[in-house]
Amino acid sequence: MTTPARYILGIDPGLRSTGFGLIEQTGNQLAYVASGCIKTDDKGTLPERLKTIAEDVQSIIKQHKPDDVVVEKVFVNVNPQSTLLLGQARGAAITAAVLLDTPVHEYTALQVKQAVVGHGKAAKEQVQEMVKRLLKLDTTPQADAADALATAITHAHARQGFGALGVELLATRKVRQRGGRMM
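Computed from a predicted model, the values in this text were never measured in an experiment.

A. Molecular detail of the pairing of strand S4 (residues 68-72). Counting buried residues along S4, five of its five residues qualify, which places the element largely inside the surrounding structure. Side-chain alternation along S4 places Asp 68, Val 70 and Glu 72 on one buried face and Val 69 and Val 71 on a second face that is also buried. Pairing between strand S1 (residues 6-12) and S4: four bridges, direction parallel. Its bridge partner lying in S4, Ile 8 is registered against Asp 68. Relative to strand S5 (residues 104-107), S4 runs parallel, the two being bridged by four bridges. Across the sheet, Glu 72 pairs through a bridge with Tyr 107, a residue of S5.

Here you go:
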């Protein structure tokens, strides 16, 4: 029996640049589909910039029809204002997906780096290189797009093996998750 392909859209939220990356998962095989960055005008108001993110994420979802959208969770930054702005960009992307009835999943940066590189303190360049290798790309994707692709890859890995059990249990709320561990 052939496993149907699933499309996973990863999003790395940011107010200036929101990375996106779409992969196809067929069984345990991953393939690159598309990636890029949603840029907002630095001179625009906050609502205008959030609107750009939301509209562009919706456009990507409408065009590619992913089965899942995966968004990187916000970490608490040294600068609370930066954390708030990042959270708002993240909220715009999540809202765009939810309004189109697309399931949304979340992973921390630590979980993404652990899944893609093998350790949670990996540098951006290491993530970019591993994304290039895992998806068999000819060139290294730009940092924000690579982070989004890495987020999608993390979800693909979580859907396999014991990770798949965790995704299903979390979706049905039969278990909780704390610090990346199921409880």
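B. Structural detail: the pairing of strand S3 (residues 29-39). Two elements, strand S2 (residues 17-26) and S3, share ten bridges in a ladder whose sense is antiparallel. Counterpart to Thr 26 in the pairing with S3 is Gln 29. With antiparallel pairing between neighbouring strands as the criterion, S2 and S3 make up a hairpin whose turn holds two residues, including Gly 27 at a positive phi of roughly 60°.

C. Up close: the side chain of Gln 25. Here Gln 25 shows up in strand S2. Here Gln 25 falls in the buried class, since its relative accessible area comes to 5%. Within polar-contact distance, the side chain of Gln 25 engages the backbone oxygen of Ala 156 at 3.1 Å. Discounting chain neighbours no more than four positions away, the residues touching Gln 25 are Pro 4, Ala 5, Arg 6, Ile 8, Leu 30, Ala 156, Arg 159 and Gln 160.

D. A look at the sheet that holds S4. Taken in spatial order, the five strands line up as S3-S2-S1-S4-S5 in an open sheet, and their pairing is mixed. Lying at the two open borders of the sheet, with one neighbouring strand each, are S3 and S5. For this sheet, the mean angle separating the axes of adjacent strands, direction not counted, is 20°. Against the sheet, helix H1 (residues 46-64) touches S1, S2, S3 and S4, its axis set at about 150° to S3. On the sheet, helix H5 (residues 143-158) packs against S1, S2, S3, S4 and S5 and is oriented at approximately 35° with respect to S2.

E. Layout of unusual backbone geometry. Unlike most non-glycine residues, Lys 65 shows phi in positive territory, near 50°. Secondary-structure assignment places Lys 65 in the loop between H1 and S4. Even without glycine at this site, Asp 101 takes up a positive phi of about 55°. Residue placement: Asp 101 occurs in the loop between helix H2 (80-99) and S5.

Cut-offs used in this document
Residues numbered from 1 in each chain as written. Predicted model: local features only at pLDDT ≥ 70, side-chain atom pairs only at ≥ 80, totals over all residues. Heavy atoms only, no water. Buried < 20%, exposed > 50% of the residue type's maximum accessible area, 1.4 Å probe, protein only. Helix = DSSP H or I, 4+ residues; strand = E, 2+ residues; numbered from the N terminus. Pairing = 2+ DSSP bridges. Polar contact = N/O pair within 3.5 Å; in protein donor to acceptor, adjacent residues only side chain to side chain. Contact = heavy atoms within 4.5 Å. Axes fitted to C-alpha atoms, helices over the stretch in contact; angles between N-to-C directions.

Fair warning: the whole summary comes from geometry, so function is off the table for now.
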